[in-house]
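# What the coordinates show
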Amino acid sequence: MAVARTETPPVIDGRLDDACWTGAPAVAEFTQVLPVEGGAPTERTEVRVLFDADNLYIGVRCFDSDSAGIIAR
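To start, this report covers the structure provided alongside it. (Residues numbered from 1 in each chain as written. Predicted model: local features only at pLDDT ≥ 70, side-chain atom pairs only at ≥ 80, totals over all residues. Heavy atoms only, no water.)

A full pass over the atoms with the stated rule returns 0 aromatic pairs. Seen from the ring of Phe 63, Arg 44 lies directly overhead, with NZ or CZ sitting 3.8 Å from the centre. (Phe/Tyr/Trp six-rings, centres within 6.5 Å; stacked < 30°, edge-to-face > 60°. Lys NZ or Arg CZ within 6 Å of the ring centre and 35° of its normal.)

Here you go:
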């Protein structure tokens, strides 16, 4: 996995729209564990990793083809 260095840390707000996230390569080749271990995932996921002199930042974007079924509180 490639990890990108950033001079400007991202704002920790649950959004991945900072310029530093755009420059970080995304990893999206995942497999699932259930119901079939090693099978193709039913939904897409992207992970990006950044670091600066003091911190490691991990950003995860999970996609859902039926977002109406998400229950958020």
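What follows continues from the structure just given.
Attention shifts here to the nonpolar core. Counting 7 residues, the largest nonpolar core consists of Ala 4, Leu 16, Cys 20, Trp 21, Ala 24, Leu 50 and Tyr 57. Discounting residues that sit within four places of it in the chain, Ala 4 has contacts with Gly 23, Ala 24, Pro 25, Val 49, Leu 50 and Phe 51. (Core = buried A, V, L, I, M, F, W, Y, C linked by side-chain atoms within 4.5 Å. Buried < 20%, exposed > 50% of the residue type's maximum accessible area, 1.4 Å probe, protein only. Contact = heavy atoms within 4.5 Å.)

A word on the pattern of salt bridges. Overall, the coordinates contain 4 salt bridges when judged by the stated rule. With a shortest N-O distance of 3.3 Å, Arg 5 and Glu 7 are connected by a salt bridge. The class for Glu 7 is exposed, based on a relative accessible area of 66%. Measuring nitrogen to oxygen at the nearest pair gives 3.5 Å for the salt bridge that ties Arg 48 to Glu 46. Residue Arg 48 shares its accessibility class with Glu 46, and that shared class is buried. Taken together, the salt bridges that share partners define one network made up of Arg 44, Glu 46 and Arg 48. (Salt bridge = Lys/Arg side-chain N within 4 Å of Asp/Glu carboxyl O.)

As far as function goes, none of this settles anything; it's purely spatial.
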